[in-house]
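Results of the structural survey
Here is what each chain is made of, one letter per residue.
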Amino acid sequence: MSAVPGARAVVRRGLAVFPLPAGGRVPAPGWQRLVTRDEAALPELLTDGRNVGVSCRASNVVALDLDVHDDDGQAVLAELAARLGEPWPETLTVATPSGGRHLYFAAPDGCTTGSVSGGRTALGPGIDVRGPGLRSGGYLLGPGSVVSGGRYALERDVPVAALPGWIGARLPGRARQ
């Protein structure tokens, strides 16, 4: 099954995508030159079972990767939101094969948040951040991608919400609104 429908869905929500190797997570050098928002280019770009990457810099988004491996990032974020009296963010969401989630947020102007993993932010353990950064920025696997037999799937096809202030305030770099 092709990653094109998933890529098309996120492109329609304003995200920029690029090809990843079939079954892979790591892009080839120079992937930044292949980033596109052109729906017509997707079938050729994602041939031969290629996966789809979502570029945070080209999309101008900050994305949270809520892992469920050692720590449950979803539970950690839900607990933080509850403690602060904030609602769960209603934004474009992709389900990962492991049961995790990718939440996408529109980055505020001038955002320089980079990519950090392993609970090295004030958001807590199990929450990785992928941001526009200063150079090429971070990326995430997009819907339709398949790794180790598991598929990434669009879970909540809603507009990309603005980065909530309570999340941005806990990110490294400049992410505040």
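Look above for the structure.
Residues numbered from 1 in each chain as written. Predicted model: local features only at pLDDT ≥ 70, side-chain atom pairs only at ≥ 80, totals over all residues. Heavy atoms only, no water.

**Section: the sheet that holds strand β7 (residues 139-141)**
What links the strands of a sheet is backbone hydrogen bonding, and the strands pair in either a parallel or an antiparallel sense. If you walk across this open sheet you meet the three strands as β1-β2-β7, and the pairing is antiparallel. On the outer flanks of this sheet lie β1 (16-20) and β7, each paired with one strand and no other. Here the average twist between neighbouring strands, direction ignored, is 35°. (Pairing = 2+ DSSP bridges. Helix = DSSP H or I, 4+ residues; strand = E, 2+ residues; numbered from the N terminus. Axes fitted to C-alpha atoms, helices over the stretch in contact; angles between N-to-C directions.)

**Comments concerning the pattern of salt bridges**
Per the counting criterion, the structure on display carries six salt bridges. Its salt-bridge partner being Asp157, residue Arg13 comes within 2.9 Å of it at the nearest N-O pair. With Arg13 in the loop between α1 (4-12) and β1 and Asp157 in the loop between β10 (153-156) and β11 (161-162), the pair connects residues that are 144 residues apart, well separated along the chain. Among the residues examined, Arg13 registers a relative accessible area of 30% and is labelled partly exposed. (Salt bridge = Lys/Arg side-chain N within 4 Å of Asp/Glu carboxyl O. Buried < 20%, exposed > 50% of the residue type's maximum accessible area, 1.4 Å probe, protein only.)

**Things to note about the nonpolar core**
Counting 25 residues, the largest nonpolar core has Leu15, Val17, Leu42, Leu46 and Tyr104 as its most contacted members. Looking at this core, the elements with two or more residues in it are α1, β1, α2 (42-45), β2 (51-55), β3 (61-66) and β7. Element by element, the count of residues in this core is highest for α1, at four residues. Not counting residues up to four positions away in its chain, the partners in contact with Leu15 are Val10, Thr36, Arg37, Val54, Ser59, Val61, Leu92, Tyr104 and Val160. Grouped together as the second largest cluster of nonpolar side chains are 18 residues, Phe105, Ala107, Val116 and Leu123 included. (Core = buried A, V, L, I, M, F, W, Y, C linked by side-chain atoms within 4.5 Å. Contact = heavy atoms within 4.5 Å.)

**A word on the environment of Gly118**
As for its placement among the helices and strands, Gly118 is situated in the loop between β5 (101-106) and β6 (127-130). Overall, the relative accessible area of 61% leaves Gly118 in the exposed class.

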